[in-house]
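# Structural overview
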Amino acid sequence: MTEAQPSAALPTGLRERKKRRTRDALLVAALELFTTHGYEETTVDEIADAVEVSQRTFFRYFAGKEAVVFAVQDMVESHFLSELRQRPAEEAPFEAMRRAVLCAWNSIGETVEAIIPVELHMRAYRMIESTPSLLAAHLRRSIVLENQITELIAEREGLDTARDPRPRVAVAAFSGVMRAAGQLWGQGRDGGMESLRVLTETYLDALTPALSERWRTPRTP
């Protein structure tokens with residue numbers, strides 16, 4: 001009778017679940033340490049020790065500390081881009097972006113909450129905004145994402161971004177609204193992913209009136 005090999009005996013699904021649990025544990029431990037002791041002050045070794053794994057194991061899952069900070073954002077942005085690619089061609093550009101981001105939150109909100117406590121996610125958001133190196137990274141990442149969205153919108157509409165400014169203008173407005181909603185959510189002390197979704201929808205719906213309508217009530221003579 002041949003002796004079973006332990007590694008071969010583990011179903012692929014079980015291995016993947018164990019890997020996911022390790023990655024999620026590293027993510028939560030890192031964000032707890034970052035938001036408690038400071039991003040710059042926390043080392044990779046401290047994160048690995050908190051989960052009782054080696055530094056080598058940490059780097060199997062994350063390229064470095066910055067990658068941990070933006071791991072959830074990466075996931076959300078990936079879902080958004082996927083949703084945007086699937087929006088019907090007859091939708092206007094801004095409506096396609098609006099529906100894509102709301103659909104993305106519908107599909108991923110519970111997933112995010114299952115990985116990381118909402119309160120910790122909010123603390124991490126505030127940490128990014130208050131840490132110069134992370135804020136700079138966040139702005140760089142935002143530029144990359146805006147370019148990706150711009151190219152998607154231009155492709156949908158059959159436009160050349162070098163000749164037609166409308167895709168970049170629409171994406172710039174959309175991104176500005178998303179950032180404003182995110183900042184307001186991050187400044188709060190409670191509320192889950194659903195509250196962020198509602199806030200995002202409220203801000204996006206306010207964009208057209210804010211740009212095209214008068215704000216002041218006409219004065220009575």
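Note: the structure precedes this text.
Since the structure is predicted, the reported quantities are computational estimates derived from the model, not experimental observations.

## A look at empty space enclosed by the protein
With the rule as written, the count across this model stands at one cavity of 30 Å³ or more. Along its surface, the largest cavity is lined by Arg20, Arg23, Leu27, Ala71, Val72, Met75 and Ile115. Elements represented by at least two residues in the lining of the largest cavity include exactly helix 2 (12–37) and helix 6 (71–86). Of the residues contributing to the lining of the largest cavity, the split by class is five nonpolar, no polar and two charged.

## Remarks on the pattern of salt bridges
Under the counting rule described, the total for this entry stands at 16 salt bridges. Measuring nitrogen to oxygen at the nearest pair gives 2.6 Å for the salt bridge that ties Glu95 to Arg99. Taken together, the residues Glu95 and Arg99, both in helix 7 (residues 93–115) and four residues apart, mark about one turn of the helix. Residue classification places Arg99 among the partly exposed residues on the basis of a relative accessible area of 37%.

## Considering the layout of surface pockets
The computed volume of the largest pocket comes to approximately 750 Å³. Contributing to the lining of the largest pocket are 32 residues, with Gln73, Glu77, Tyr125, His138 and Met178 lying nearest its centre. Of all the elements in the fold, those that place two or more residues in the lining of the largest pocket are helix 5 (65–69), helix 6, helix 7, helix 8 (118–130), helix 9 (132–157), helix 10 (166–186) and helix 11 (193–212). Here the residues of the lining of the largest pocket are counted per class, giving 21 nonpolar, eight polar and three charged.

## Some details on the nonpolar core
Judged by nonpolar contacts, the single largest core of 53 residues is most densely connected at Leu27, Phe34, Val69, Phe80, Leu84 and Ile149. No other element matches the 10 residues that helix 7 contributes to this core. Aside from chain neighbours lying at most four places away, what touches Phe80 is Met97, Ala100, Val101, Ala104, Ile149 and Phe174.

The rules behind each value
- Residues numbered from 1 in each chain as written.
- Predicted model: local features only at pLDDT ≥ 70, side-chain atom pairs only at ≥ 80, totals over all residues.
- Heavy atoms only, no water.
- 1 Å grid on protein atoms, 1.4 Å probe; cavity = no way out; pocket = protein on both sides within 12 Å on 5 of 7 lines; lining within 4 Å.
- Points joined across faces, edges and corners; volume = space filled by probe spheres on them.
- Helix = DSSP H or I, 4+ residues; strand = E, 2+ residues; numbered from the N terminus.
- Nonpolar A, V, L, I, M, F, W, Y, C, P; charged D, E, K, R; others polar.
- Salt bridge = Lys/Arg side-chain N within 4 Å of Asp/Glu carboxyl O.
- Buried < 20%, exposed > 50% of the residue type's maximum accessible area, 1.4 Å probe, protein only.
- Core = buried A, V, L, I, M, F, W, Y, C linked by side-chain atoms within 4.5 Å.
- Contact = heavy atoms within 4.5 Å.

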